[in-house]
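Topology and contacts: notes
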Amino acid sequence: MLVTTEELLRLALDQSKDYALILIDTTGVVVGWLAGAEYVLGYTAAEVVGRPFDLIFTPEDRGRGVPAHELAVAAADGRSEDDRWQLRKDGFRFWAGGVLTPLRDGTGTIVGFSKVLRDRTDVKAQIDALANSSHRLRVFLGTVVHELRNPLAPLANAVEILRMTPAAASVVAPVQMIERQVAVMRRLVDDLMDFTRVGAGKVRLQLQAAHFEGVLSSAAAACRVAADERCQTLKVLLLPTRTIVRADPDRLQQVVVNLLTNAIKYTPDGGEVWLKATVEGNEAVFRVEDTGCGIAPDVLPRIFDLFTQEAESLDRSQGGLGLGLPLVKELVTLHGGTVQVRSEGRGKGSEFTVRLPLFRNEDSEPGTT
């Protein structure tokens, strides 16, 4: 018997249980409850259609304005992707990965939204259980940095002595070349020193209740000139509420600026860079996305490691050792957070996601680590 495409689609929607498909109008009201929506969320279509789609969000996320924020991000960016705790009819919370997409008519006008989500509580448990340590590498790098710093001062002094010799005029070009190379080496050694100090626990964070959106806004403002110089569009999408995280504001801003600077550096002139922020579960989350050079699939698992070959070669073309991303990872870890990267490959842009714990009343303020 020949089965039509429409019939196959109907059967797929009726029999799928892994994914919930929710259709929403432009005001945020559910108009379709399809596929595994009843299986995943517990409500029947009759119980949900005509009600606001925010009923699947936790009370905390509703209070933060997350449902409306998702609609706004999807409308502005073409999609809104989030991992967060969702709420079943029976009150059970589960960790879901979801994508909200705007639906447009022939004129390009948004006429509604589709939300697809899947229960990923199992993945959340695995991520929370992961741990990593590189103590021996840090000790080795600390020794190397110490040994490299020792000859820099004598070299700089030797250059000054050459400048004062009677024959200085005849060696201007060589002296200038040595000066430039000493400056490059000093910068590289300083980068390594900063990384090893953070990794060795010698950097003390002034942890306190910090205004998440305020830090992100300041970081974006600091990077906007660099984006403008390259005719890039830097778009910032933040929650309208005031989110408080447990963080060192200066170091957190350093993380954001580092990621934005990288995105601007490796995005062609006229490209786009995005800074998006939301709250997922007990975490504040920000994402830095770009339309830049992207990252090869085989490099992704190692992008935060020192001396990753592709990252190193990219940074050499732009200047630097490529220590920015490892330093970002260290600082985020010190904050009790995580950082992840995603890219579809070279030339297809990249996305860095940083998750930080929300500030709790029982947290010390201010604090150090």
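Rules of the game
- Residues numbered from 1 in each chain as written.
- Predicted model: local features only at pLDDT ≥ 70, side-chain atom pairs only at ≥ 80, totals over all residues.
- Heavy atoms only, no water.
- Pairing = 2+ DSSP bridges.
- Helix = DSSP H or I, 4+ residues; strand = E, 2+ residues; numbered from the N terminus.
- Axes fitted to C-alpha atoms, helices over the stretch in contact; angles between N-to-C directions.
- Contact = heavy atoms within 4.5 Å.
- Core = buried A, V, L, I, M, F, W, Y, C linked by side-chain atoms within 4.5 Å.
- Buried < 20%, exposed > 50% of the residue type's maximum accessible area, 1.4 Å probe, protein only.
- Left-handed = near helix turned anticlockwise from the far one by under 90°.
- Phe/Tyr/Trp six-rings, centres within 6.5 Å; stacked < 30°, edge-to-face > 60°.
- Polar contact = N/O pair within 3.5 Å; in protein donor to acceptor, adjacent residues only side chain to side chain.
- Salt bridge = Lys/Arg side-chain N within 4 Å of Asp/Glu carboxyl O.
- pLDDT = per-residue confidence, 0-100.
- Patch = residues over 30% accessible without salt bridge, like charges linked within 9 Å, V, L, I, M, F, W, Y side chains within 5 Å.
- Areas by Shrake-Rupley, 256 points an atom, 1.4 Å probe, with all protein chains shown as cover.
- Expected span 1.5 Å × (residues − 1).
- Bend = angle between axes of the 7 residues up to and from the residue.

Here we look at the sheet that holds strand 12 (residues 350-357)
- Strand order in the open sheet formed by five strands is 7-9-10-12-11, with mixed pairing between adjacent strands. Looking along the sheet, the strands with just one partner apiece sit at the ends: strand 7 (233-237) and strand 11 (338-342). Each neighbouring strand pair of the sheet contributes to a mean axis angle of 15°, computed without reference to strand direction.
- In this fold helix 5 (residues 66-77) packs onto strand 7, strand 9 (272-280) and strand 10 (283-290), with an angle of close to 165° to the strand it touches most, strand 9.

Observations concerning the nonpolar core
- Within the largest apolar cluster, 65 residues are counted, with the highest numbers of intra-cluster contacts made by W33, L41, F212, L252, L259, L260 and F286.
- Residues V145, V189, L192 and L323 belong to the second largest nonpolar core, which totals six residues.

A closer look at the packing of helix 10 (residues 212-229) against helix 11 (residues 249-265)
- At a minimum axis separation of 9 Å, helix 10 and helix 11 run at an interaxial angle of 35°. Handedness of the helix 10/helix 11 crossing: right-handed. For the pair helix 10 and helix 11, the contacting residues are F212, V215, L216, S218, A219, A220, C223, A226 and A227 in the first and P249, L252, Q253, V256, V257, L260, T261 and I264 in the second.

Topic: unusual backbone geometry
- Residue A35 is not a glycine yet carries a positive backbone phi of 55°.
- Within the secondary structure, A35 sits in strand 2 (residues 30-35).
- Residue classification places A35 among the partly exposed positions, given a relative accessible area of 23%.

Concerning the packing of aromatic side chains
- Tallied over the full model, the rule gives five aromatic pairs.
- Measuring from ring centre to ring centre gives 5.1 Å for W85 and W95, while their planes differ by 80°; the resulting arrangement is edge-to-face. With W85 in strand 3 (residues 80-87) and W95 in strand 4 (residues 93-104), this residue pair connects regions lying 10 residues apart in the sequence.

Some words on the side chain of S343
- Structurally, S343 is set in the loop between strand 11 and strand 12.
- The exposure class of S343 is buried, given its relative accessible area of 10%.
- Within the structure, S343 has its side chain in polar contact with the backbone nitrogen of I295 (distance 3.0 Å).
- From its side chain, S343 meets the backbone nitrogen of G345 in a polar contact 3.2 Å long.
- For S343, the contacting residues outside a window of four places in its chain are G294, I295, L300, G349 and S350.

Some remarks on the pattern of salt bridges
- By the definition in use, this model includes 20 salt bridges.
- Two residues, K276 and D77, come together in a salt bridge whose shortest N-O distance is 2.0 Å. Placement of the pair is K276 in strand 9 and D77 in helix 5, with a sequence separation of 199 residues.

Things to note about the environment of R51
- Position of R51 relative to the elements: it lies in the loop between helix 3 (45-48) and helix 4 (59-64).
- A C-alpha to C-alpha distance of 5.4 Å links R51 and V29, two positions 22 residues apart in sequence.
- Setting aside residues no more than four positions away along its own chain, R51 makes contact with G28, V29, V30 and Y43.

Digging into the confidence of the model for the protein
- On average, the protein scores 84 in pLDDT, and the residues at 70 or more come to 85%.
- Note that pLDDT drops below 50 for residues 365-369; the model gives that stretch 17 contacts with residues more than four away or on any other chain.

Description of a nonpolar patch on the surface
- Where nonpolar side chains cluster on the molecular surface, the patch consists of L162, M177 and I178 and spans about 230 Å² of accessible area.
- Mapped onto the fold, M177 is located in helix 9 (residues 172-199).

Concerning the pairing of strand 3
- Where strand 3 lies against strand 4, eight bridges are found, and the strand directions are antiparallel. Opposite Q86, over in strand 4, you have F94 as the bridge partner.
- Linking strand 3 to strand 4, which pair antiparallel, is a turn of five residues; within it G91 sits at a positive phi near 90°.

Quick notes on the environment of K265
- Within the secondary structure, K265 sits in helix 11.
- On a C-alpha basis, the gap between K265 and A227 in space is 8.7 Å, while along the polypeptide they are 38 residues apart.

Quick look at the sheet that holds strand 2
- In spatial order, the strands read 2-1-5-4-3; together these five strands make up an open sheet with antiparallel pairing. The open sheet has two free edges, formed respectively by strand 2 and strand 3, since each of these has just one partner strand. On average, each strand axis in the sheet is tilted by 25° relative to the strand beside it, whichever way the strands run.
- For strand 4 and strand 5 (residues 110-119), the ladder comprises nine bridges, and the chain directions are antiparallel.

Thoughts on helix 10
- Between its terminal C-alpha atoms helix 10 stretches 27 Å, which fits the 26 Å expected from 18 residues at 1.5 Å a residue.
- The sharpest bend along helix 10 comes to roughly 40°, located at C223.
- C231 lies just past helix 10 and shows a positive phi near 55°.

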